[in-house]
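# Structural description and commentary
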Amino acid sequence: MAEQTDPPGAQQFIPPQAGTLAELRTAAAGCRGCELYRDATQTVFGRGDERARVVFVGEQPGDLEDQHGLPFVGPAGRLLRRAVDDAGLDPAHLYITNAVKHFRHELRGRRRIHQTPDRVHIVACRPWLVAEFARLRPELVVVLGATAAKALLGPAFRVTRQRGELLPWPAAAEHPEDFPRVDDADAPAARVLATIHPSAVLRADNQDVAYRGLVDDLTVAARALAG
């Protein structure tokens, strides 16, 4: 019988007894669910308030995130923090993570150049995202960019068409059954909003216009929480 070489996916690395995000983070350090771990420095898990009102989901860690082991600590992260402040969101009540937990890149000389994760990486890493959400109870989920949108809302979702639009959560998810909510009559209805990834602002020809668009979308999120 031929040896099985397909990546097993993350599910087998998630301890069923893990009850907290800290326990999941520890377990994720040993994930071998796809081949990306081989060239990455480390797993980059989510961080923030376990009782966060807002959960941000981005694409994958970048070079600096891979080195530091924390999401959104590079240029895109600094821009996102500024946009969060300008939109009026409280940074103390955020949780931020990525759809893919390892840095996908290619070497060009000594430089590590970002490569967009493939669908196989999104699917392999999805169990970690589902496990994170099982321990979070956000009022709002903010999806940053196309890769995160594909992971949560399905491959047919287009950020360019529906950015800044409040949708029901988890009803708008590709598989809403993966994201059950506590049946609490006093809990506000949760929603999801998609916008561009902050790295898209950094790549834009007109960064001022792109940045204002990001802030406008996040302002919709802030008003939804205030309402």
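Relevant structure appears above.
Chains are numbered independently. Their residues run from 1 in the order of the written sequence. Local features in this predicted model are restricted to residues whose pLDDT is 70 or higher, and side-chain atom pairs enter the listing and the counts only when it is 80 or higher, whereas totals over whole chains, interfaces and linings include all residues. Just so you know, side-chain values use all the structure's heavy atoms and leave hydrogens and water out.

Orientation of helix H4 (residues 119-133) relative to helix H5 (residues 146-153), taken along the N-to-C sense of each, is 65°, at an axis distance of 10 Å. Considering their axes alone, H4 and H5 lie roughly perpendicular with respect to each other. The interaxial crossing formed by H4 with H5 has right-handed handedness. Facing H4, whose interface residues are Arg-119, Ile-122, Arg-126, Leu-129 and Phe-133, H5 presents Thr-147, Lys-150, Ala-151 and Leu-152. Three classes are used, and their members are as follows: Ala, Val, Leu, Ile, Met, Phe, Trp, Tyr, Cys and Pro are nonpolar, Asp, Glu, Lys and Arg are charged, and the others, Gly among them, are polar. By residue class, the composition of the contact of H4 with H5 is five nonpolar, one polar and three charged. Simply put, an axis is a line fit to the C-alpha atoms, just over the touching stretch for a helix, and the angle between two N-to-C directions goes from 0 to 180 degrees. Strands are runs of DSSP state E lasting at least 2 residues, helices are runs of H or I lasting at least 4, and numbering of each runs from the N terminus. Oblique is the label for every angle not falling under 35 degrees (roughly parallel), over 145 degrees (roughly antiparallel), or within 65 to 115 degrees (roughly perpendicular). A clockwise turn of the near helix away from the far one marks a right-handed crossing, whereas an anticlockwise turn of less than a right angle marks a left-handed crossing. We call two residues in contact when some of their heavy atoms are within 4.5 Å.

Okay, the environment of Val-44 next. Secondary-structure assignment places Val-44 in the loop between helix H1 (21-28) and strand S1 (47-48). Relative accessibility thresholds used throughout: buried, under 20% of the residue-type maximum; exposed, over 50%; partly exposed, between the two (1.4 Å probe, protein chains only). Relative accessible area serves as the criterion here: at 1%, Val-44 is assigned to the buried category. Counting along the chain gives 53 residues from Val-44 to Thr-97, while the straight-line C-alpha distance between them is 8.4 Å. Setting aside anything within four residues of it in sequence, one finds Val-44 in contact with Pro-61, Glu-65, Asp-66, Gly-69, Leu-70, Pro-71 and Lys-101.

The subject of this paragraph is H1. Restricting attention to buried positions, one finds in H1 the residues Leu-21, Leu-24 and Ala-28. In a view along the axis of H1, the buried residues occupy a sector of 60°, so they form one face of it. Where H1 is buried, its residues contact strand S3 (94-98) and H4. By construction, the arc corresponds to the directions joining the helix axis to the C-beta atoms.

Moving on to the sheet that holds strand S8 (residues 191-195). For two strands to count as paired, DSSP must find a minimum of two bridges between them. Here we have six strands laid out as an open sheet, ordered S1-S3-S2-S6-S8-S7, and mixed in their pairing. Both edges of this open sheet fall to S1 and strand S7 (167-168), since each of them pairs with a single strand only. Pairing of strand S2 (residues 54-58) with strand S6 (residues 140-144), which is carried by four bridges, proceeds in the parallel orientation. In the sheet register, Val-54 faces S6, and the bridge partner there is Leu-140. Contacts between H4 and the sheet are confined to S2, S3 and S6, with S3 contributing the most and set at about 170° to the helix.

Now for the pattern of salt bridges. When the charged atoms of two side chains with opposite charge come close together, those side chains can pair. The salt bridge definition used is simple: a Lys or Arg side-chain nitrogen within 4 Å of an Asp or Glu carboxyl oxygen. Tallying each qualifying case throughout the model produces ten salt bridges. Measuring nitrogen to oxygen at the nearest pair gives 3.3 Å for the salt bridge that ties Asp-118 to Arg-104. Pair noted here: Asp-118 is in the loop between strand S5 (111-114) and H4 and Arg-104 is in the loop between S3 and strand S4 (105-108), with a separation of 14 residues, a long-range link. Accessibility expressed as a relative area gives 37% for Asp-118, which makes it partly exposed. With a relative accessible area of 17%, Arg-104 lands in the buried category. Between Glu-174 and Arg-119 there is a salt bridge whose closest N-O contact spans 3.5 Å.

Geometry of aromatic contacts follows a simple scheme: Phe, Tyr and Trp rings, the Trp one being its six-membered ring, pair when their centres are within 6.5 Å, and the pair is stacked under 30 degrees between planes, edge-to-face over 60, tilted otherwise. As enumerated under the stated definition, the model contains four aromatic pairs in all. Geometrically, the ring pair formed by Phe-45 and Trp-128 is edge-to-face, given 6.0 Å between the ring centres and 90° between the ring planes. Separated by 83 residues along the polypeptide, Phe-45 in the loop between H1 and S1 and Trp-128 in helix H4 bring together distant segments of the chain. Of the two residues, Phe-45 and Trp-128, neither departs from the other in class, the shared state being buried. In this structure an aromatic cluster arises from ring pairing among Phe-133, Trp-169 and Phe-179. Charge-over-ring placement is defined geometrically: NZ (Lys) or CZ (Arg) within 6 Å of the ring centre, and within 35 degrees of the ring normal. The side chain of Arg-82 reaches across the aromatic face of Tyr-211, ending 4.2 Å from its centre.

This part covers helix H8 (residues 207-226). Compared with an ideal rise of 1.5 Å per residue, which puts 20 residues at 28 Å, H8 spans 28 Å between its outermost C-alpha atoms and is within 8% of the ideal. Structurally, H8 contributes buried residues whose contacts are with S2, helix H3 (75-87), S6, S8 and helix H7 (198-203). Measuring from the side-chain oxygen of the N-cap residue of H8 to the backbone nitrogen of Asp-208 gives 3.3 Å; that N-cap residue is Asn-206. Here a helix's expected span is defined as the number of its residues, less one, multiplied by 1.5 Å. Residues adjacent in sequence count toward polar contacts only when both atoms are side-chain atoms; beyond that, a polar contact is any pair of N or O atoms within 3.5 Å, and within protein one must be able to donate a hydrogen and the other to accept it.

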